[in-house]
Structure formats: C-alpha cells, structure tokens
Amino acid sequence: MIALAVLKRLAMALATLAGVAVVVFLLLRVVPGDPISMMISPGASEADIAALRAHYGLDGGLLTQFGIWAASALRGDFGVSISLHRDVVQVLGERLPATLELAIAALEFAVVLGGFVAVVGAMARRTALESVIDAVNGLFLAVPDFVWALALVLTFGVLLPVLPLTGRLDPSVSSGMITPFYWAESLLRLRFDVFADLTQHLTMPVLSLGLPLAAVIARVLKGALNEAMAQDYILLARLKGMSKLRLVLQEALRNAIGPTLALTGVQFTFLIGGTVIVERIFAYPGIGNMAIDAVINRDLPLIQGLVLVFAVIFIAINIAVDLLVVLFNPKLRHG
Amino acid sequence: MARTPSATAEPLQLPPVAPVAGPSLAMRRLRAVLAEPKVTLGGGFILLLLAIAIVAPWIAPKNPLDQDLMLASLPPAGLAGAEPGYLLGTDTLGRDVLSRLIFGSRVALTVAFVAASLAALIGTTLGLLAGWYRGWVDIAVSRLVDVWMAFPPVLLSILLVAVLGAGIGSVILAIAIIDWTRFCRVVRAETMAQAESEYVTAARAIGFPRFHILVREILPNIAPALLALVSLEMGIAVIVEAILSFVGLSVSSGTPTWGGMIAEGRQFIHQSWWVLAAPLAALFATVLAFNQLGEGLRRALDPVLRR
C-alpha cells in the first residue's frame, strides 16, 4: 500500500518537473523578438550568435528545440552559461551548497525559536504573556523576509556595526576548505576561526529568512498544543497532579508535531524561494543571488538550470514532508 | 442562504424586487466588519494612504524629481546639518525624501489594487470551475497549480518582468500570473465544501442550471473569504513591486517608488541611512495594514471563526 502510494507520488513529482521544464522553456522562447537577442551578452560577435543558434537548433520548430534541450538535460548537460562562460552544472554545484547551508541554518533557527515560543505560549495560556506573544508573533507573520533583511541592514549596518553586511566569508580568512559546505566542514575540522566568520556572515540572512518561519511554526504548534492540552486524558493527568510543563513536552508535543510538520514543510519551500532576494540584499554567493544576475544578463542556459534546481528542491521537500507526516501519524500509517 | 424567496413573503407592502433579508444581511455583515478593530486600524491606514496618493501633487512639499547637488544627503529634521523644508532629508542626488515617499505610494497602491484584483479574478475563475465541475477540469487546474507552486515566486516574477519588459504593466501582470494559485487553491476547496451543503442541493432540486448555481449561489457565499484573501494579496503585491524595483526591473527610474528608494538607500547606507529607513518604514506599515485588514475581515466575516 505504502509503496504504491510512494510510487504514485514520485510519478506525479516527475510530471510536475516536466511541467516546470516546459513552462520555463516556453516562457523564454514564446517571447516577442529573437530568443538569441535575449541570450547574447552585450558585445557578442557574429560568430558567437551563429554558434548559439546552431547549438540550440533554433532554426527548427519549437518542438524540435524542446526535444534537443530536454534530451541534453536528461543526460545532465544543461549547456554553458553565456555570462560566465562555464558549464552550468559545474557552476550550480559550486553555488548550491552555500544556499543549502543558509536555508538549513534558517530552518533550524526557525524550528528552535518557533518551538520555544509555542511551548511558552501554551504554558502561558490565558495570561497577559500569551497576548504579548500573539501580538509580536502576528507582526512577524505579517512582514516578509525582504523587509526584515533591510531592517537588519539598517540596525547592524548603521546603529550597531558589529556584523558584516555582505558576503559569505571574509577574504582575509583563509578558508582552506575542501568541500563547498564551508559551514559544516569548518565545524567538523574544528576550524573555529572560519566557523565564527561564516556564522557572523550568516546571522542576518538567517534571521531574515528564519523569523517569519518561526512565527508560522509558533502559531501552528501553539494551536495544536492547546488543542492537545484540552484532551480528556491530559486533563485527567493534570488532575492527578502531573506538571503542566511535563505534559506539554511529553504528551501534547507528540500529538501536535504532525500538523506542524506538514505546514513547516510547505513553508520551508517558501523560505527557499525567499533566499533569492535575501541573498541579493546580503550579496551572499548562493544560487538565489546568481539567479537574479542570470535573468538580468539574459543567461538562458543558466536560468533554465537554476529554475529546475529550485523545482527539484521544492518537489523533494514536499515528498519528504508527505512521508514524514505519515511516519508521525499512526492513523495514516495503516490507511 | 437567507436570500430564499420565503424571506420576502411576509412584509407584503414591500416591492418583491427588494428582499428584506438582502440588505439586512449586508448591514449585519458591515456592522460586524466595522466592529473589528483590525479592520478599522488596517483599513483606516490604507484609506489614509490612498488619500495621500491621490492628492500627492498638492501635498508633496517639493518636486520628487528635482535634483540639487548642493543639498545632497541632508539628514532628516532634528539631526545636525538638517535644512528646514526637508522633513525627511534628501538623497544622494539632493531629492526630497518625503516628496518621493508620497509619490511612491501611487505606484505601490496602483500595483496593490490592480494586481491583487487580477490575481483574484484568474484564481477565482479557475478555482470555481475546478471545484464545481471536478473531473478533467479539476485535474487540469490542479496539475497547473502544482507546476506553478514548484517555481520560486520571486525568481518567477523577476523572470516574467525580464521577459515582458520593465514597467508597471509588466509588474502587475507578473504578480497576477504568479499569485492566482493562492486564490485558486482556497476557492477550489471552498467550492467543493459549499457544493455539499443543503442550499446547493435545494437549488439543484429546483432545477437551476449548474452554472447559475455556481455564480449566483456559491460565489456569494465564498465572497467573504475571498475579500480577506484579496486584502492579504494586496500586501504581497506591494512587497513584490518593491522587490522588483529593488532589483531594478519595475517602473522607469524617473518615477519614484519605495523599492527604488530602498535600492538607492541600501547602496549609500553609510552616507544617508534615512533614504533606506523612510521607504522601509512605509513598506512595513503598509504591509502590516493590509495584513491586519485581511485578518480582521476574515474574523468578522467567517461564521466559524466569529462564533
């Protein structure tokens, strides 16, 4: 049963991915004007233009063009970036880890902060503290990452200049890292100087992306906790004298984690979408920042590769969340 | 639901075209809406902003495009070096920040109202059709939503505007093309829920055509939820416009926008932080106001939440 459901889910994911590929392809080609004029960087020679036209089979029909592109994409060949003059897959491989480290750090921060606020809020049910928590939480729910990022720039750039405003690692710190996952590697290799510098650079982007997600988690988890705390068996346990904190952490949390997890997964994809603009604001060298440059430079192969990478990440997260929700919900497991 | 013919039957002196239950339901809803402090606060701020945007040419103290390098990077009033007449200071080209802020509200609100309405129109239409007719219509719409949701929205909006060409029309179109899914998903689920209710069964028993039931019976019942969603979407649209201006893809640099001011302010943050702070505060307040308005509308109009 489960295997069949997973297979069906995977088939649907592949269909969605194919849909994304078609949409991007059409979007970039059914534009008024010559697609080549979108692709060339200023100053490209006649020979470059002719070579490009041949490379993409642009003299053939749309279907032929898509066939050529899809066939090479399936072989793992996304072409050569027009603005960077380098293999798209190679460029993505270098940049993606920076974005993944940022997104995962923001997720961790959001889960810890949101979970903490939810537990405090559930403990403080029907007190003045709960109203304060709800009001502050509402603020963070309403205002998106873009605004928080710039507010942080103002705060730490002008008022309290203690954090670096841009980049991932200060050039003066010689990293000597082997993998592109600097943050994880520096910690594992106990290079605390590198780790500290990376953490400083990550702080503001992580806060911008993590605060709105933390607010979502806090709201949903607190609601689920309150609901669980109103169950008969919990009331009975309270009457028997078990402490409220212990009940929240041991009993209610177990029941509340399923719905929170499902929502956190969806919201995590929004967070990853948010890396595009947040990386831009902090000049962080990830794929989001690169995506904006790719669009501005009309770097067609790079744009296509980037959009597909984002789509794969989004779809993978959705599948992972579906599976996790089933794992955490005994009722669904047998259905 | 209260608009059934029997409700008009009792007061005989009233003309049959004006059912008693109609206006009184609307009045009750209006009263519920106005009693919600989130609506009055959020809506009040939006109305104020709208008024400012309309009368911008008469209330702006300076021409927002006038440059004066002799008066460049003046700090806001109250700080050392401030000049009278420049309440929020000037930017690096000597343009008055307050005047640019006032004029920037025009682009922000235009995009908010038009883009959100357009997104609502597309999303509601597709959502209604998918939720009511089910079958292949539903499958097609749902798969399309799946594909759309697999795009990072900010990247897609930048891509669309790059393809369509910079300008306010492209920004509006891009937001509508991206955010219709927000409406579609909610409206589809709501329509499916409403389709199970008794008034729909009754309407079908009477023999109303299916499309008639969808438009005249179901749509009015999901309108309140839709209204709240439109308000939230307006807040999102303001942010997206600011993001596109920030990246340099929105309206031409001759028109002052909050996002454009933010981009300049970010660049010269160490010389003149107020060029960033002023539009950011405006953006913050506007998004919060749209959000509170939407949240308040949802609370006031949703019978389940109201309790």
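Residues numbered from 1 in each chain as written. Chains lettered and ligands numbered in written order. Predicted model: local features only at pLDDT ≥ 70, side-chain atom pairs only at ≥ 80, totals over all residues. Heavy atoms only, no water.

Trainee: What am I meant to see in the overall build of chain B here?
Mentor: When you go through chain B residue by residue, the secondary structure sums to 13 helices and 0 strands. Starting at the N terminus and ending at the C terminus, chain B contains elements arranged as α-α-α-α-α-α-α-α-α-α-α-α-α. Along the first, second and third principal axes, the C-alpha set of chain B runs to 75 × 45 × 30 Å. Counting every position in chain B, which comprises 307 residues, the buried fraction comes to 49%. Within chain B, contacts between residues at least 6 apart in sequence are counted, and of these 71% link residues at least 24 apart. Counting every atom, chain B has about 14300 Å² of accessible surface; 67% of that belongs to carbon and sulfur. The positive charge centre, built from 22 side chains, and the negative charge centre, built from 19, are 7 Å apart in chain B. (Helix = DSSP H or I, 4+ residues; strand = E, 2+ residues; numbered from the N terminus. Buried < 20%, exposed > 50% of the residue type's maximum accessible area, 1.4 Å probe, protein only. Contact = heavy atoms within 4.5 Å. Areas by Shrake-Rupley, 256 points an atom, 1.4 Å probe, with all protein chains shown as cover. Lys, Arg positive; Asp, Glu negative; His and termini not counted. Charge placed at Lys NZ, Arg CZ, Asp CG, Glu CD.)

Trainee: Looking at this structure, I do not really get the environment of B:Gln271. What am I missing?
Mentor: All names here are of chain B. Relative to the assigned elements, Gln 271 resides in the loop between helix 11 (258-267) and helix 12 (274-301). Residue classification places Gln 271 among the partly exposed positions, given a relative accessible area of 48%. Each C-alpha atom, one on Gln 271 and one on Ser 197, is 62 Å from the other, the two residues being 74 residues apart in sequence.

Trainee: Is there a simple way to explain the nonpolar core in this structure?
Mentor: The tendency in soluble globular proteins is for nonpolar side chains to be buried as a group. Counting 153 residues, the largest nonpolar core has A:Val20, A:Phe146, A:Ile277, A:Ile281, B:Phe246, B:Trp258 and B:Leu283 as its most contacted members. Residues from two domains meet in this core; each of domain 1 (2-74) and domain 2 (96-334) of chain A gives at least three. When residues no more than four places from it in sequence are discounted, the contact partners of A:Ile281 are A:Phe146, A:Ala149, A:Leu150, A:Val153, B:Phe246 and B:Arg266. A:Val119, A:Leu247, A:Val248 and A:Ala252 belong to the second largest nonpolar core, which has 14 residues in total. (Core = buried A, V, L, I, M, F, W, Y, C linked by side-chain atoms within 4.5 Å. Domains from an automatic or database assignment.)

Trainee: Explain the environment of A:Asn137 here, please?
Mentor: All names here are of chain A. Here Asn 137 shows up in helix 6 (residues 128-142). By relative accessible area, Asn 137 is classed as buried at 11%. Other than its neighbours up to four places away in sequence, Asn 137 contacts Ala 215, Ala 218 and Arg 219.

Trainee: What is the right way to read the packing of aromatic side chains from this model?
Mentor: The description of an aromatic ring pair rests on the distance of the ring centres and on the angle between the ring planes. Scanning the model with the defined rule gives 8 aromatic pairs over all chains in all. Ring plane angle 80° and centroid distance 5.6 Å describe the contact between A:Phe146 and B:Phe246, whose orientation is recorded as edge-to-face. Separated into two different chains, A:Phe146 in helix 7 (residues 145-159) and B:Phe246 in helix 10 (residues 210-247) make up a pair that spans both. Relative accessible area serves as the criterion here: at 0%, A:Phe146 is assigned to the buried category. Put simply, the rings of A:Phe140, A:Trp148 and B:Phe284 pair up and form one aromatic cluster. Above the face of the A:Tyr182 ring, A:Arg168 is positioned so that its terminal group lies 4.3 Å from the ring centre. Between B:Arg210 and the ring centre of B:Trp132, over which it is positioned, the NZ or CZ distance is 4.6 Å. (Phe/Tyr/Trp six-rings, centres within 6.5 Å; stacked < 30°, edge-to-face > 60°. Lys NZ or Arg CZ within 6 Å of the ring centre and 35° of its normal.)

Trainee: Would you mind going over the domain arrangement of chain A with me for this structure?
Mentor: In many reports, interface size means the accessible area that the parts give up when they come together. Residue and element names in this part refer to chain A. You can read the domains of chain A as domain 1 (2-74) and domain 2 (96-334). In this structure, domain 1 and domain 2 have C-alpha centres spaced 33 Å apart. Contacts between the two partners involve 17 residues from domain 1, matched on the other side by 17 residues from domain 2. Joining domain 1 to domain 2, the criterion identifies 1 salt bridge. Between Arg 9 and Asp 322 there is a salt bridge, and its shortest N-O distance comes to 2.4 Å. Summed over the shared surface of domain 1 and domain 2, the result is 1 residue pair in polar contact (both at pLDDT 80 or more). For the side of domain 1 that touches domain 2, the elements supplying multiple residues, two or more each, are helix 1 (2-29) and helix 2 (35-39). Take the side of domain 1 that touches domain 2: its biggest share by element is 13 residues, from helix 1. Class assignment for the residues of the side of domain 1 that touches domain 2 results in 14 nonpolar, 1 polar and 2 charged. (Salt bridge = Lys/Arg side-chain N within 4 Å of Asp/Glu carboxyl O. Polar contact = N/O pair within 3.5 Å; in protein donor to acceptor, adjacent residues only side chain to side chain. Nonpolar A, V, L, I, M, F, W, Y, C, P; charged D, E, K, R; others polar.)

Trainee: Would you mind going over a nonpolar patch on the surface with me for this structure?
Mentor: All names here are of chain A. A cluster of nonpolar side chains, namely Ile 257, Leu 324, Leu 327 and Phe 328, defines an oily patch on the protein surface of about 340 Å² accessible area. Take the nonpolar patch: its biggest share by element is 3 residues, from helix 13 (residues 300-328). Mapped onto the elements, Leu 324 comes out in helix 13. (Patch = residues over 30% accessible without salt bridge, like charges linked within 9 Å, V, L, I, M, F, W, Y side chains within 5 Å.)

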